[in-house]
Number of protein chains: 6
Amino acid sequence: MTSFARTGDRAANQLRPVRITRHYTIHAEGSVLIEFGNTKVLCTASVEEKVPPHKRGSGEGWVTAEYGMLPRSTHTRSDREAARGKQSGRTQEIQRLIGRSLRAVFDLKALGERTIQLDCDVIQADGGTRTAAITGAFVAAQDAVNGLLAAGKLAASPITAPVAAISVGIVQGTPLLDLEYVEDVDCDTDMNVVMTGAGHYVEVQGTAEGVAFTRAEMDQLLALAEKGISELVTLQQQTLSK
Amino acid sequence: MTSFARTGDRAANQLRPVRITRHYTIHAEGSVLIEFGNTKVLCTASVEEKVPPHKRGSGEGWVTAEYGMLPRSTHTRSDREAARGKQSGRTQEIQRLIGRSLRAVFDLKALGERTIQLDCDVIQADGGTRTAAITGAFVAAQDAVNGLLAAGKLAASPITAPVAAISVGIVQGTPLLDLEYVEDVDCDTDMNVVMTGAGHYVEVQGTAEGVAFTRAEMDQLLALAEKGISELVTLQQQTLSK
Amino acid sequence: MTSFARTGDRAANQLRPVRITRHYTIHAEGSVLIEFGNTKVLCTASVEEKVPPHKRGSGEGWVTAEYGMLPRSTHTRSDREAARGKQSGRTQEIQRLIGRSLRAVFDLKALGERTIQLDCDVIQADGGTRTAAITGAFVAAQDAVNGLLAAGKLAASPITAPVAAISVGIVQGTPLLDLEYVEDVDCDTDMNVVMTGAGHYVEVQGTAEGVAFTRAEMDQLLALAEKGISELVTLQQQTLSK
Amino acid sequence: MTSFARTGDRAANQLRPVRITRHYTIHAEGSVLIEFGNTKVLCTASVEEKVPPHKRGSGEGWVTAEYGMLPRSTHTRSDREAARGKQSGRTQEIQRLIGRSLRAVFDLKALGERTIQLDCDVIQADGGTRTAAITGAFVAAQDAVNGLLAAGKLAASPITAPVAAISVGIVQGTPLLDLEYVEDVDCDTDMNVVMTGAGHYVEVQGTAEGVAFTRAEMDQLLALAEKGISELVTLQQQTLSK
Amino acid sequence: MTSFARTGDRAANQLRPVRITRHYTIHAEGSVLIEFGNTKVLCTASVEEKVPPHKRGSGEGWVTAEYGMLPRSTHTRSDREAARGKQSGRTQEIQRLIGRSLRAVFDLKALGERTIQLDCDVIQADGGTRTAAITGAFVAAQDAVNGLLAAGKLAASPITAPVAAISVGIVQGTPLLDLEYVEDVDCDTDMNVVMTGAGHYVEVQGTAEGVAFTRAEMDQLLALAEKGISELVTLQQQTLSK
Amino acid sequence: MTSFARTGDRAANQLRPVRITRHYTIHAEGSVLIEFGNTKVLCTASVEEKVPPHKRGSGEGWVTAEYGMLPRSTHTRSDREAARGKQSGRTQEIQRLIGRSLRAVFDLKALGERTIQLDCDVIQADGGTRTAAITGAFVAAQDAVNGLLAAGKLAASPITAPVAAISVGIVQGTPLLDLEYVEDVDCDTDMNVVMTGAGHYVEVQGTAEGVAFTRAEMDQLLALAEKGISELVTLQQQTLSK
């Protein structure tokens, strides 16, 4: 790895300062503010004692997610999706990704016929909102599950593993961990990786924004992501043990 | 006024603790978190160097607002309006009210052909979100105007007066200032009042939720509102002078 | 009050000629054409032996309203909301106001699990359509209730009081009762007042279109409205007794 | 023709009483209430000095129509299309038919680059609303054109012929002219015919609701329609000459 | 009939080469590609063991249709209706026509409480897509019914007759059978005719695109359509007997 | 690799029979039917001499894609997206993927200010529709570019490399190339890979449907994909050279 200069002299393989604040709001069963540098995402987990139609009567529960950005979470104001009357393709893609990532570590049978609805709303954006959302949503979901266990509604946890996510990319030839916004717009290859605490892959989404990338580059990016996610999983556990 | 017991021994004519935090997020020209007890609304002001079609070529600017609630800002989760594909009647009513209230203290000619877009997003709801939004949006708008003045884009401020708002209501026969959620659901009459710093009315919206109210009751409510708004205007000015 | 000249030498505190025609169309359980000068609104009341989801099994009924303007009821043609695919914020605000106003004089328990659906459609607009709609809708609702009583479906009337509404405003410094269109576009302050037959308030919605208004001005406006509504309630009763 | 008994002893080949009231509302350039027995449709013609995109710069004008039913114009209440957020297939079919029928008697070149927008709103429905709409819209369009001629905006009329429409059908084996609602729901074949004053066809839309119909039946229906439309064209001319 | 020159020396009363391919795709209960020259429409029939709400509990089934054009089935690309978020008025008109035409030859009682859903998708358009759709959908529906008979789910066929459709029109004064696209855009009168195998009418929809047409012209067009449909019904039977 | 039995004794690393038919429909500038076994996707490329707003005046062109499934392309009928009024999240994800993949091999500067619009419509689905769409869309795009070159509208090709795509997955522990539907629903890990002719990655999207996958498994899948795409690129070139 070479000499690309990052904000605050961050190393190429270094995460931004990550902060996870539990119980950020008072109504939700799980409520987490997660910050990666200037990126701030509020992740709430709501427990509903019902399931969507395709799960009714199945004995299984459901875990799903929605994602949104406040209109001025971004450098220039984005249209409010509620006012435009529809969610963009990007929004739908992201919320489907969050939902799949969380379901990957849930035993829906063990959850019983209830839904955990995750809402990930970006308060301030500076790159990596979707991976921050996944990492924070896991903590919110764990808090919601802990509440169900404490209330005796669940006998055992339906969560099978921790899950966290990070973005990696190649900027000016240098593979970087945890891209902030100015790096993201400048990158040739952008990859979002979701992994379990055991180091197995839940999702890998790599896109060549400029030139196509080689197998060697992919291997470098996957190694960076593995390092970052391992640190994030540790941080999640520390936060949850408080 | 009688013996209705309020949270934290609050007096009938007392505001909840109000906190106004400027520069809450980094991208917007004005960004204010306003808290009335547990109610928390993020108000951003975005300056755009263009105007909507009905103002093009008029030499006048525009001030407008949008309002939203995060799905889990409420006791039980509300549907995400972006996912449902439309804003509710309530949302539209509120954002029209915020827009009118702010325009009432703007000289649009003096603003020039630019738009100040106010976004009021409820992070946590405990009653009085619309009046908190107006009170906070004024501070965000002032910060945005100050930025235009500092940048030399405006020679003089287009803001003609401060504006603030509060809710009042009659609960179990007692007129109360600044209703929190449990009071709001229980009230017979609910009134939202918007006033300028000079003590003049911009909006009065009174609704009998239960039995119709008398002129004497209205007078009591208006007096409470006047007291509360006067305190809020003072707080706005203190905050802005920091 | 001073020398503002009104159409047809109308006094500042005088209503336009008001005409209420019952049984205007043949299918609805209540059907009223109400005219305030050139403003003409068709108000129908439809009885449906079912309630919306939030009232099912409650033993209570529901009263609700919808509002629309024919595209060429106005000076220049307005877009047809059905063709645009959504109701404007103004339309939603008005129909919510009509619904609340009528519910304020209904004992929903006494109505039983049925719905009275009010449809207020503006045939010709010349100011004051929302207050005409409320005043006319009450007569239509009374006719519908009378039909239920006559058919033995109700033993006693669920209507607890008459309700009527009027607009008032300040034009060139003069407080006026019952604004027609040219007065409405020119006014500084516009207030819609809804009162019961007993002279109590159901709704007060005052808006400063230009400069904010003082408490003294509000008092003048409320007095004008009280006079006008008292006359309207008398007219409603005369019409219903025919 | 045989012994089918119609309301008011109407003969099988007899129109209902038809009444055409011009200048029914005050704002539109043409405004006509047309009544076929209990069917009442308000037809307004609005002149706009612009054309839709596909006609811009063509030197030609445009004539188009929209159609709607008030929610309680029908026996039981129909959903308001503006509230549902879309026009039904039936509504779209009808308004396209009205538009084509009127354009068939307009020389768009002679109209110049302006639009005549026809709005046909059903106040009360008892069968035959679309044919009443066409017949009434022609009178409203003629009034709008007369206004343009009087104002010197047009040198010669762009209207090339009168146009009118009627429904015919076979009920219990009997061909009938001008079906009212109870006949319409009971009919086997339903045909809407639009003709010019010269007795030529603009539109023929025949539908077998029950069993398919024979050529002999179609000939009977076309003869009935021709008789009815001839009477309607005479009535249009009488009304316009007042 | 006179000297209008058609593609490939086709006679005025001659169909284009018509080809009907059954079992065109593998999943649907009936799947037919129908070609009229360059017009190609894929018609599938899907059997669903449920009925729409208005038929539930009636003991009757339902037959309905949807229609679409692939975006580049046309000379220049048309917007994708799914992307625009609504079906055009033309699309709705056509799918309602197809549905009515097929229902005209179905005994819904005999079908039982199940739905036959017809999907007609235009792969390539060169005029006459709606009439091709009806003619092809009948074959697909027959295949679906044959499947139900073979599976013992129906004891007797609910189909009462064959149904087919063709377009006819007057181009430069010449009545023509089966218009292709260049004839269609050039025609003065355009008529779509739907008939049963017995030669009775299900639908007749004639429109004067330019000048209104006379009764004599209509008679010529109806004769052409009768000839064409008779040939199509023969072809349908030959195809089904393979 | 082990003993998983595939349809037709296909080897784990073997593609289904792939067929690419150019000039499948007559109107589009490029029109390709691509078949992977029973999966059939029609890919058309339309050239439009304009660009979307974000490219206007940039001197650059645009390449974009839309995707749809015919309602009965699937085992059981899917709702028609045009009738539902919106495209699903899945549809939007896929069409964004196709658009990105094609843009990755286009020099938009060299294309000039024009748009190549790719429409990928699934006629019959049996797994792998999105990767078939990308592979077929490339051939359609090449045909469209060849047309522009032949017409002298382009001096040199803006296409920088071939692009093709394939799905791979792990079913019952066995890594498989080119999943058909029954394999897809049964798989633990599903990966779509898009590569250029030079063997570089454009997109990698791997998802754990069941248990998370290891790095070793990912390496096996990437190797399979590389083999398959290499064969597809060869086939594209053979087809295009005919």
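The structure under discussion appears in the preceding block.
Residues numbered from 1 in each chain as written. Chains lettered and ligands numbered in written order. Predicted model: local features only at pLDDT ≥ 70, side-chain atom pairs only at ≥ 80, totals over all residues. Heavy atoms only, no water.

S.K.: Explanation requested: the environment of Q172 of chain B in the structure shown.
M.R.: All names here are of chain B. Considering the arrangement of structural elements, one finds Q172 in the loop between β6 (163-171) and β7 (174-177). Residue Q172 is classed as exposed on the basis of its relative accessible area of 57%. A distance of 3.0 Å separates a polar atom in the side chain of Q172 from a polar atom in the side chain of D186. (Helix = DSSP H or I, 4+ residues; strand = E, 2+ residues; numbered from the N terminus. Buried < 20%, exposed > 50% of the residue type's maximum accessible area, 1.4 Å probe, protein only. Polar contact = N/O pair within 3.5 Å; in protein donor to acceptor, adjacent residues only side chain to side chain.)

S.K.: Is there a simple way to explain the relation of the copies chain E and chain D in this structure?
M.R.: In the superposition of chain E on chain D (RMSD 0.0 Å, axial shift 0.0 Å), the rotation amounts to 180°. Here the symmetry operator amounts to a two-fold rotation axis. For chain E, the minimum C-alpha distance to the rotation axis belongs to Q205 of chain E and amounts to 2.2 Å. When the interface residues of chain E are mapped onto chain D, 100% of them again fall at the interface, so both copies present the same face. (Least-squares fit on C-alpha atoms with pLDDT ≥ 70 in both. Contact = heavy atoms within 4.5 Å.)

S.K.: Hey, could you run me through the relation of the copies chain A and chain B in this one?
M.R.: For the pair of chain copies, the relating transformation is a rotation about an axis with a translation along it. Superposing chain A onto chain B takes a rotation of 180° combined with a translation of 0.0 Å along the rotation axis, leaving an RMSD of 0.0 Å. A shared interface surface links the copies, since 100% of the contact residues of chain A are contact residues in chain B too.

S.K.: Explain helix α4 (residues 129-150) of chain E to me, please; I cannot follow it from the model alone.
M.R.: Since the α-helix packs 3.6 residues into each turn, any two residues three or four apart lie on the same face. In this model, α4 of chain E (22 residues) spans 31 Å end to end at C-alpha, consistent with the 32 Å of a helix rising 1.5 Å per residue. Most of α4 of chain E sits inside the fold, with 18 of its 22 residues counted as buried. (Expected span 1.5 Å × (residues − 1).)

S.K.: Sorry if this is basic, but what is going on with the interface of chain E and chain D here?
M.R.: How big an interface is tends to be expressed through the accessible area that disappears when the partners come together. Counting from both sides, the interface comprises 24 residues of chain E and, opposite them, 24 residues of chain D. Together chain E and chain D conceal approximately 2400 Å² of surface at their shared face, both sides included; 50% is due to carbon and sulfur atoms. Counting the surface chain E buries against chain D, the share from its top three residues, E93, Y201 and R215 of chain E, is 25%. The interface formed by chain E and chain D holds 14 residue pairs in polar contact (both at pLDDT 80 or more) in total. When grouped by side-chain class, the residues that make up the side of chain E that touches chain D number eight nonpolar, nine polar and seven charged. (Buried area = accessible area lost by both parts, 1.4 Å probe. Nonpolar A, V, L, I, M, F, W, Y, C, P; charged D, E, K, R; others polar.)

S.K.: Got a minute to help me understand the packing of helix α4 (residues 129-150) of chain D against helix α6 (residues 215-241) of chain D in this structure?
M.R.: Pairs of packed helices are described in terms of their axes, by the angle between the two and the distance that separates them. Residue and element names in this part refer to chain D. Axis separation between α4 and α6 bottoms out at 11 Å; the angle between their running directions is 30°. Here α6 runs roughly parallel to α4, going by the angle between their axes. At the point where α4 passes α6, the crossing takes the right-handed sense. Between α4, through T135, F138, V139, Q142 and D143, and α6, the contact on the second element is made entirely by L232, Q236, Q237 and L240. Here the residues of the contact of α4 with α6 sort into four nonpolar, four polar and one charged. (Axes fitted to C-alpha atoms, helices over the stretch in contact; angles between N-to-C directions. Parallel < 35°, antiparallel > 145°, perpendicular 65-115°, else oblique. Left-handed = near helix turned anticlockwise from the far one by under 90°.)

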